[in-house]
Amino acid sequence: MNNNNQEDFVRIFDTTLRDGEQCPGAAMSEDEKLEIAHHLAKMNVDVIEAGFPVSSPVQFKAVERIAREVEGPIIAALARALRGDIETAAKALTPAKRKRIHTFLATSPIHMKYKLGKTPSEVLKMAPEAVRIAREFVEDVEFSPEDGTRSEWEFLREVCEAVIEAGASTINIPDTVGYTTPEKYGELFAFLKANVRGAEKVIFSAHCHNDLGLATANSLSAVKNGARQVECTVNGIGERAGNTAMEEVVMALRTRKDFYGITTKINTQLISRASYLVKTITGMVVQPNKAIVGANAFAHESGIHQDGVIKNRETYEIMTPESVGLESNKIVLGRHSGRAGFRDRVIRLGFTPTQDELEAAYNRFLEIADKKKEIFDEDLIALLTDHSRRTTSAKFHLEYYHVTSGTTTIPSATIKLKVDDVIIEDTCTGDGPVDAVFKTIQKITNINPVLNKLTISPVTKGTDALAEVSVSITFGDRTVVGKGSSTDIVEASAISFIDALNRL
Ligand code: KIV
Ligand code: ZN
């Protein structure tokens, strides 16, 4: 086994790129997955579940690239309990230094009968067989009895014993439909740890969905009862109501170490950046009151609270913003900042740009600093993340835009686009300035996608704040998300739309 089974800490198994990506609208490109995976590695995540290779060639390639390029964490790939799935997962994982096959099979009466069409005794044979097949390729095998929390405990015990005997080193108990409660989930872990033959040889893992808003509480209860791995996603993204939010479990274990007596190895100062990255890449906004990573998570608005915090932070603050990587609204740079100061700040924020990327980012920073007096950390992160997307060899490039709009004017836009190396200019009217801009871009590119979602969010406070725009479009059978940022929301919208068209 190569997952430090002897050491007592809670392993963080991040499934943002697999279970997280399964939610509608969160599809990510290969490069974007790589970017997130590298950041997760920097955070010191123990396992990155990179994808479900058999599900599509795109998934296969992304897992293979992560396996080749991301060092540090164990790279896991998901497979149903079928030889073909497991072989494909093993193949995708080939280049990884540390690899895990995660195989799953449903064990609840309802799933076995209606989904699998299998009897319990057939499932009891298939599960260890899948683990044995996986062990032909890797030493580190995780097994999940899908819909574990709606399975009969005695049957679950038998399945766990069989897969341990077959060589599984991690047993994950999924609350697939978000049905369990903290008390019941905790009891289930205590039952399995006490009654499964060979339990001491494996790591038990929690995997919760948030349908009843209990995912974090359930995962923590599992930890209290012996789970030593928690499966989770950044910002809690995932199917339906999402998965357990990584930042919540990590910060709860850190802040309440007095109660849980155990913690994780995550570098918590990289949490905010992870949240930002996942938010901008997926276009899934984070609610302002979201624990740990919401814009208001560390804001004290009421006078009584502000007064208390000024006298002693701990009156109303159980964790510091700095502990999750926020240096709240500290002005860092302005128009007169030089390259050295810019570079220093960029590196302190956790970016490692090449010389060319740094130069391009610095020029963009100067453009923004001309319009916006104070540049905050959040602005820099937006600028750097946005810039990394602009450097890809793009077919369409915005050269110029002009809009007119007003209460008594029909909004119209004039756009100059560089298409490959040819400049094309055109004009359209629309329901509003953004609509006019999008229509003009569609006319020039002759691409008319369906607009699924347009999200505009300010990066910091104030009317001169950078705005980040995320746009989701569908063309044919492809859905992509484009992003753009600017102090001008119409320009940011145009950039995000052009970015989406380039991705198509
Ligand atoms: O929720 C679930 O059951 C899963 C399994 C594949 C582990 O995601
Ligand atoms: Zn799941």
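Scroll up for the structure.
Going along each chain's sequence as written, the residues are numbered from 1 onward. Here the convention is simple: chains get letters from A, ligands get numbers from 1, in the order in which they are written. The model is predicted, so local features are restricted to residues of pLDDT at least 70 and side-chain atom pairs to those at 80 or more, both for listing and for counting; the totals for chains, interfaces and linings are taken over all residues. Remark: hydrogens and water are excluded; side-chain values derive from all non-hydrogen atoms of the structure.

Notes on the packing of aromatic side chains
Short version of the rule: Classification of ring pairs uses Phe, Tyr and Trp, with its six-membered ring standing for Trp, and accepts pairs whose centres are within 6.5 Å; under 30 degrees between planes counts as stacked, over 60 as edge-to-face, and the remaining range as tilted. Numbering goes from the N terminus for both helices and strands, where a helix is a DSSP run of H or I of at least four residues and a strand is a run of E of at least two. In this scheme, a residue with accessible area under 20% of its type's maximum is buried, one over 50% is exposed, and one in between is partly exposed, where area comes from a 1.4 Å probe on protein chains only. When the NZ atom of lysine or the CZ atom of arginine is within 6 Å of a ring's centre and also within 35 degrees of its normal, the charge is said to sit over that ring.
This model, assessed by the stated rule, comprises 8 aromatic pairs. Seen in terms of ring centroids, Trp153 and Phe191 are 5.3 Å apart; in terms of plane orientation they differ by 40°. Their pairing is tilted. Taken together, the residues span a long stretch of sequence, with Trp153 in helix α6 (residues 153–166) and Phe191 in helix α7 (residues 182–195) at a distance of 38 residues. What makes Phe191 buried here is its relative accessible area of 18%. Seen in terms of ring centroids, Tyr362 and Phe365 are 5.9 Å apart; in terms of plane orientation they differ by 35°. Their pairing is tilted. Taken together, the residues Tyr362 and Phe365, both in helix α14 (residues 355–371) and 3 residues apart, mark about one turn of the helix. Phe365 matches Tyr362 in its accessibility class, with the two residues each being buried. Members of the aromatic cluster, joined through ring pairs, are Phe342, Tyr362 and Phe365. In this structure, Lys265 packs its charged tip against the face of Phe9, placed 4.2 Å from the ring centre. Positioned over the ring face of Tyr400 is Lys416, at 5.6 Å from the centre of the ring.

With respect to the sheet that holds strand β14 (residues 450–458)
Cut-off, in case you're wondering: We call two strands paired when DSSP finds no fewer than two bridges between them. Fitting a line to C-alpha atoms yields each axis, with helices limited to the stretch in contact; the angle taken between N-to-C directions then spans 0 to 180 degrees. Between two residues, a contact is recorded if the distance between any of their heavy atoms is within 4.5 Å.
Judged by pairing direction, the sheet is antiparallel, and its 3 strands sit side by side in the order β14-β15-β16 without closing on themselves. Where the open sheet ends on each side, the last strands, each with one partner, are β14 and β16 (478–486). Mean inter-strand twist for the sheet, computed between neighbouring axes without regard to direction, equals 15°. Both β14 and strand β15 (residues 467–475) contribute to a ladder of 8 bridges, which runs antiparallel. Bridge pairing in β15 places Ser457 opposite Glu468. The strands touched by helix α17 (residues 489–503) within the sheet are β14, β15 and β16, with β16 carrying the most contacts at an inclination of about 145°.

Remarks on the coordination of the zinc ion (ligand 2)
Basically, it comes down to this: Listed donor atoms are N, O and S within 2.8 Å of the metal (Na, K and Ca: 3.2 Å). As water is not included, a site may look incomplete.
At 2.0 to 2.1 Å from the zinc ion (ligand 2) lie its protein donor atoms, namely Asp19 (OD), His207 (NE2) and His209 (NE2). Sequence spacing among the residues donating to the zinc ion (ligand 2) works out to D-x187-H-x1-H. His209 gets classed as buried once you look at its relative accessible area, which sits at 5%.

Notes on the nonpolar core
Test applied: Throughout this description, the term nonpolar core refers to a set of buried Ala, Val, Leu, Ile, Met, Phe, Trp, Tyr and Cys residues connected via side-chain atoms within 4.5 Å. An automatic or database domain assignment provides the domain bounds reported here.
In terms of nonpolar packing, the biggest core is built from 91 residues, with Met43 and Met246 touching the most fellow members. For this core, the leading source of residues is α6, giving 7 residues. Mapped onto the domain boundaries, this core takes at least three residues apiece from domain 1 (3–282) and domain 2 (298–329). When sequence neighbours within four positions are dropped, the list of residues in contact with Met246 reads Ile12, Asp14, Leu40, Met43, Val45, Cys232, Thr233 and Val234. Core analysis: the second largest hydrophobic core is formed by 24 residues, Val434, Val471, Ile473 and Val490 among them.

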